[in-house]
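# Report on the structure
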Amino acid sequence: KMVAVEIPKEFGYVIIVNVIGTFFTLFYLGGQVMSARKKYNVQYPIMYATPTIHKNADEFNYVQRGHQNALETYTAYLALSVLGGLKHPIIVAIGGVLWIIGRVLFMEGYKAGPDNRYGKGGGLLWLGVLASLGSAISLTSSLLSA
C-alpha cells in the first residue's frame, strides 16, 4: 500500500534553517578550526595536535573537537530534520534555530575545555535534536498507521 506525502509550504522554513542554516553553521565552526590552526601553528594534514610536538595542543584540540562533534552527528540530525519537517515543519525549524545557537555556544564553551562545552548554553543543541527526532517519530507513526 502506498502512502502519499504532501509537502507543506512551511517546509521551506526547514530548508532555510535546518539545511542551509546548519550548512553555514558548520562552515563557521570549520573557520574556527582554521583560525586555531594559524594561532597554534598546527599544519595540515594533522587532524589533532600532539602534546609532545605542539605547545598548545590542548587548546587547538578543544576547538577541533567542538567542530568534529558537530560533524559526527550532523548527518543523522539532517535526516531527522528533513523527515520530521514533512509533518511538523514549524517545530523542526524552531528546533533548527536552537541547534544552530547551541552548536555555536557548544564550540565557545569547548574552547575553554571539555568540561565547559555545555556551560555557555551548548545544551540548546539537544533541544533541536529532540524536536527533529520527535517529529520524525511522529511521521513514522502516521505512515505506519495509514
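Keep in mind it's a predicted model, so treat the numbers as computed, not measured.

### Remarks on the packing of helix 1 (residues 11-40) against helix 3 (residues 89-111)
Remark: helix 1 packs on helix 3, axes separated minimally by 8 Å, with the N-to-C direction vectors making an angle of 10 degrees. Between helix 1 and helix 3, the angle is such that the two are roughly parallel. Here the contact of helix 1 with helix 3 is composed, by residue class, of 16 nonpolar, six polar and three charged.

### Description of the nonpolar core
Most often, soluble globular proteins keep nonpolar side chains buried together rather than apart. Grouped together as the largest cluster of nonpolar side chains are 19 residues, with contacts concentrated most on L26, F60 and W99. Within the residue set of this core, elements represented by two or more residues are helix 1, helix 2 (57-85), helix 3 and helix 4 (124-145). Per element, the largest residue contribution to this core is six residues, and it comes from helix 2. With residues near it in sequence (within four places) discarded, L26 still touches H67, A70, L71, Y74 and W99.

### Section: helix 2
Here helix 2 is 29 residues long and its end C-alpha atoms lie 40 Å apart, about the 42 Å a rise of 1.5 Å per residue gives. Considering bend angle alone, the principal kink of helix 2 is centred on Y74 and spans about 45 degrees.

### Digging into the environment of D115
On the secondary structure map, D115 appears in the loop between helix 3 and helix 4. Of the residues examined, D115 reaches a relative accessible area of 77% and is grouped as exposed. Between the C-alpha atoms of D115 and L139, which are 24 residues apart in sequence, the distance is 36 Å.

What counts, and where the lines are drawn
Residues numbered from 1 in each chain as written. Predicted model: local features only at pLDDT ≥ 70, side-chain atom pairs only at ≥ 80, totals over all residues. Heavy atoms only, no water. Axes fitted to C-alpha atoms, helices over the stretch in contact; angles between N-to-C directions. Helix = DSSP H or I, 4+ residues; strand = E, 2+ residues; numbered from the N terminus. Parallel < 35°, antiparallel > 145°, perpendicular 65-115°, else oblique. Nonpolar A, V, L, I, M, F, W, Y, C, P; charged D, E, K, R; others polar. Core = buried A, V, L, I, M, F, W, Y, C linked by side-chain atoms within 4.5 Å. Buried < 20%, exposed > 50% of the residue type's maximum accessible area, 1.4 Å probe, protein only. Contact = heavy atoms within 4.5 Å. Expected span 1.5 Å × (residues − 1). Bend = angle between axes of the 7 residues up to and from the residue.

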